[in-house]
Amino acid sequence: MTIGIWVLGTQLSTEQAALKSCANHKEETPVIMIESQKYAAQRRYHQKKLVLVWSAMRHFAATLQNEGWLVTYRVATDFVTPLRDWVEDNEISELRVMTPSDRAFRSFIHNLDLDCQVSFLPDNHFLWSTEDFQQWIDNRKRILMEDFYRQGRKQFNVLMADNQPVGGNWNYDQENRKPPKKNLAVPSPLNFPPDPLTQEVIEEVKSLSFPTYGEIENFDWGVTREQAQQVLSYFIEEDLPNFGTYQDAMVTGEKTLWHSLLSPYLNLGLLSPEEVIHAVENAYYENYLPLNSVEGLIRQILGWREFLHGIYHWADANYGERNWFNHQQPLPDFFWDSTQTDMNCLKQVLQQVESTGYAHHIQRLMVLSNFALIVGVSPQELKEWFHAVFIDAYDWVMETNVIGMGQFADGGVFASKPYASSANYINKMSDYCENCCYHPRRRSQNQACPFNFFYWDFIARHREQLQSLGRMNLVLANLRKIDPEELAQMQELANNWREKHRPDS
Ligand code: FAD
Ligand code: SF4
């Protein structure tokens, strides 16, 4: 009987469950890794994402080989052909795979017609197993991230003293919403010039025959575990002290501010959530870093990341198709080409995504997703776009973040109201409006900012559904105070804008 292991592209850790299960006889255990062109062609992925994933896979295959595993690495048209050949050539009787975090990929493996038994091992790249999350959520009256996060703090003993939160509070979010000041000294992100292996992948991606997105020039993401660990150390030293305070700020030309840039590495398995949380917690005790920053970062990973992963596996398989507001507008073309918009906030963020594949949370939520929500873009089309263009995007993180948090298309499974906002928020939290041809305080007159007329159009269109949420009463009361003539003007501006931005117009 021969056990073989298939290591998927998001499972690049020697501690992952399938490799761990055979670690004592690696010299006799065949391991396969496959790059599938068909898989990569299913959407217009960012070129830098393709380079990151494929280069990280090739580097990881070399690590496994150096450790003594029998590694087969295939660049193929699809997954099935090399898999079948490898099973036959190595007389494999059991194929072991760590359960993929993406539901559709698990079904794909499950339905493969292979000449051996297929065993799934539980995914150990998250702190919470799907079973434990299910137990936590069962019979709860309310599904709140804050409750889940507090449970996680206790369960994993993070920032706790005598069963109480360190510092006396669970959450320092109110200290983490400072708008940007002028002339902030922002550290530049750590970057890694491509080594020969990455250079090879860059050349291959440049010559792909299917459509892709974004710029490949100046690729500087890390592609190995060592580099990912350097990013973590650099973040703790240079960025963490200010991370909390300016977490929500947006500044022209500053692509990363004090954000960690850890999501691509966490999502590929190059870093584990435990090691990030412990390193950040240690920095608090050893280097006396500010608690609002330390707690803020830990909440992102122990709280939001684990919670949204848990919700993805707990929700029904049709969660990704939900559309509570019945939004059907097509995604404006400029999402694929930033030169086609004159709205400065969108232009800045889209240009940044084109060049790096990255935007920070508030740019994703309050600029890109917010705009699509108030315009009425189809949540599914938006989800496809996010999945294609972001360097850290995978199915599990798309459904909950885009369908749930960003678009409220699930009707509020875990959020109590939609993240919809007028230009006020962007004007307060960024410097984008200073250089825009629209006026952030106008909503119906000349140069009215589209975020304003679309916001009131959205509230008016969905007033009955929003009423049912309870938490929108103040906004609905403000809607009633708007002169009906002005509201009609805003609705006309919104309709004209939609007409002008139809993909075929
Ligand atoms: P930091 O701000 O430094 O935060 C630290 C870490 O916390 C991140 O690396 C990430 O691992 C974790 N985290 C924080 N919030 C979330 C969250 N809501 N969901 C999951 N992890 C979280 N995250 C992705 O990993 N991939 C995506 O494709 C993705 N798409 C998103 C789309 C939308 C519409 C929204 C609103 C959020 C999305 N997020 C996604 C979550 C979050 O924006 C990114 O994780 C974060 O911006 C990554 O940058 P960072 O590593 O510098 O994060
Ligand atoms: Fe964006 Fe409106 Fe501000 Fe222009 S004025 S940057 S469109 S929010």
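Preceding this section is the structure that the text describes.
Residues numbered from 1 in each chain as written. Chains lettered and ligands numbered in written order. Predicted model: local features only at pLDDT ≥ 70, side-chain atom pairs only at ≥ 80, totals over all residues. Heavy atoms only, no water.

1. Structural notes on the packing of helix 12 (residues 291-314) against helix 16 (residues 395-406)
Under the convention used in this document: Geometry is summarised by axes, namely lines fitted to C-alpha atoms with helices restricted to the contacting stretch, and by angles between N-to-C directions that run from 0 to 180 degrees. Helix numbers and strand numbers start at the N terminus; a helix is a DSSP run of H or I with at least 4 residues, a strand a run of E with at least 2. The labels follow the angle: roughly parallel below 35 degrees, roughly antiparallel above 145, roughly perpendicular from 65 to 115, and oblique for the rest. By the convention used here, residues are in contact when the closest approach between their heavy atoms is within 4.5 Å. Any residue outside Ala, Val, Leu, Ile, Met, Phe, Trp, Tyr, Cys, Pro, Asp, Glu, Lys and Arg is labelled polar, Gly included; the first ten of those are nonpolar and the last four are charged.
Look at helix 12 against helix 16: their axes get within 9 Å of each other, and the N-to-C directions meet at 95 degrees. Considering their axes alone, helix 12 and helix 16 lie roughly perpendicular with respect to each other. From helix 12, Trp304, Arg305, Leu308, His309, Ile311 and Tyr312 reach across to helix 16, where they touch Asp395, Trp396, Glu399, Thr400, Asn401 and Met405. Along the lines of polarity and charge, the residues of the contact of helix 12 with helix 16 split into six nonpolar, three polar and three charged.

2. A word on the site of ligand 1
Quick note on the threshold: One heavy atom suffices: a residue is near a molecule or strand as soon as one of its heavy atoms comes within 4 Å of it. Side-chain atoms alone can form a polar contact between residues adjacent in sequence; in general such a contact is a pair of N or O atoms within 3.5 Å, and within protein one must be able to donate a hydrogen while the other accepts it. All accessibility values rest on the Shrake-Rupley procedure with a 1.4 Å probe; residue burial counts only the protein chains present in the view.
Inspection of the region around ligand 1 gives 28 residues, with His259, Ser260, Leu261, Tyr358 and Asn401 positioned closest. Between ligand 1 and Leu262, the relevant distance is 3.0 Å, taken from an oxygen atom to a main-chain nitrogen or oxygen of the residue. In the model, a nitrogen atom of ligand 1 is placed 3.4 Å from a nitrogen or oxygen of the Gln300 side chain. Protein chains shield 99% of the accessible area of ligand 1, which is 810 Å² for the free molecule. Elements supplying a minimum of two residues to the shell around ligand 1: helix 10 (263-268), helix 12, helix 14 (361-375) and helix 16. Among the elements that make up the shell around ligand 1, the one with the highest residue count is helix 12 (six residues).

3. Some thoughts on the packing of aromatic side chains
Here a ring pair, both rings aromatic, is described through the centre-centre distance and the interplanar angle of the planes. Stated precisely, the cut-off is as follows: Here the aromatic set is Phe, Tyr and Trp, taking the six-membered ring for Trp, and pairing holds for ring centres within 6.5 Å; pairs whose planes are under 30 degrees apart are stacked, those over 60 apart are edge-to-face, and all others are tilted. Three exposure classes are used, based on accessible area relative to the maximum for each residue type with a 1.4 Å probe and protein chains only: buried under 20%, partly exposed in between, and exposed over 50%. Whether a charge sits over a ring comes down to the Lys NZ or Arg CZ being within 6 Å of the ring centre and within 35 degrees of the ring normal.
Under the criterion given, the structure shown has 41 aromatic pairs. Ring centres 5.1 Å apart and planes at 70 degrees place the aromatic pair Trp324 and Phe325 in the edge-to-face group. Residue Trp324 is classed as partly exposed on the basis of its relative accessible area, which comes to 28%. Look at Phe325 and you get buried, because its relative accessible area is 5%. Put simply, the rings of Phe334, Phe335, Phe371, Trp385, Phe386, Phe390, Phe451, Phe453, Phe454 and Trp497 pair up and form one aromatic cluster. Over the face of the ring belonging to Tyr312 we find Arg103, whose NZ or CZ atom lies 4.2 Å from the ring centre. The cationic tip of Arg106 hangs over the ring face of Phe120; the distance from NZ or CZ to the ring centre is 4.3 Å.

4. Examining the sheet that holds strand 1 (residues 3-6)
Spelled out, the test is: The pairing criterion is simple: DSSP has to find at least two bridges between the two strands.
If you trace the five strands from one edge of the open sheet to the other, you get 3-2-1-4-5, paired in parallel fashion. A single partner strand is all that each edge strand has here, and the edge strands are strand 3 (70-76) and strand 5 (117-121). Looking at each pair of strands side by side, their axes are set apart by 25 degrees on average, direction ignored. The strands touched by helix 3 (residues 47-66) within the sheet are strand 2 (30-36) and strand 3, with strand 2 carrying the most contacts at an inclination of about 165 degrees. Of the strands in this sheet, strand 1, strand 2, strand 3 and strand 4 (94-98) touch helix 4 (residues 80-89), which is tilted by about 165 degrees from strand 2.

5. Let's talk about the side chain of His309
Along the polypeptide, His309 turns up in helix 12. The exposure class assigned to His309 is buried, which follows from its relative accessible area of 4%. Contacts of His309, omitting those with residues within four sequence positions, involve Ser101, Asp123, Phe126 and Trp396.

6. Quick look at the environment of Gln11
Within the secondary structure, Gln11 is located in the loop between strand 1 and helix 1 (17-21). Gln11 sits 256 residues away from Asn267 along the chain, and the two C-alpha atoms are 8.4 Å apart. Those residues in contact with Gln11 that sit more than four places away from it in its chain are Trp6, Gln16, Phe60, Met98, Thr99, Pro100, His125 and Leu268. From its side chain, Gln11 meets the backbone oxygen of Met98 in a polar contact 2.8 Å long.

7. Observations concerning helix 3
Under the convention used in this document: In this analysis, the expected span of each helix is defined as 1.5 Å times one less than the number of residues it contains.
Over its 20 residues, helix 3 runs 29 Å from end to end, which matches the ideal 28 Å to within 8%, given 1.5 Å per residue. With 16 of 20 residues buried, helix 3 lies mostly within the body of the structure.

8. Overview of empty space enclosed by the protein
Heads up, the condition is: A 1.4 Å probe that fits into a set of points on a 1 Å grid over the protein atoms alone but cannot get out defines a cavity; an open set with protein on both sides within 12 Å along at least five of seven lines defines a pocket, and lining residues are those with an atom within 4 Å of a point. Grid points are joined across faces, edges and corners, and a volume is the space filled by probe spheres set on the points.
Tallied over the full model, the rule gives four cavities of 30 Å³ or more. Approximately 440 Å³ is the volume found for the largest cavity. With five residues, the top contributor of residues to the lining of the largest cavity is helix 3. Classifying every residue of the lining of the largest cavity by side-chain character gives 15 nonpolar, five polar and three charged. Approximately 90 Å³ is the volume found for the second largest cavity. Forming the boundary of the second largest cavity are 14 residues, of which Cys345, Cys433, Cys436, Cys449 and Phe451 lie nearest the centre. Mapped by element, the contributors of at least two residues to the lining of the second largest cavity are helix 13 (344-356), helix 17 (423-429) and helix 18 (450-461). Residue composition of the lining of the second largest cavity, by class: 12 nonpolar, two polar and no charged.

Any functional reading would require information beyond the geometric quantities listed.
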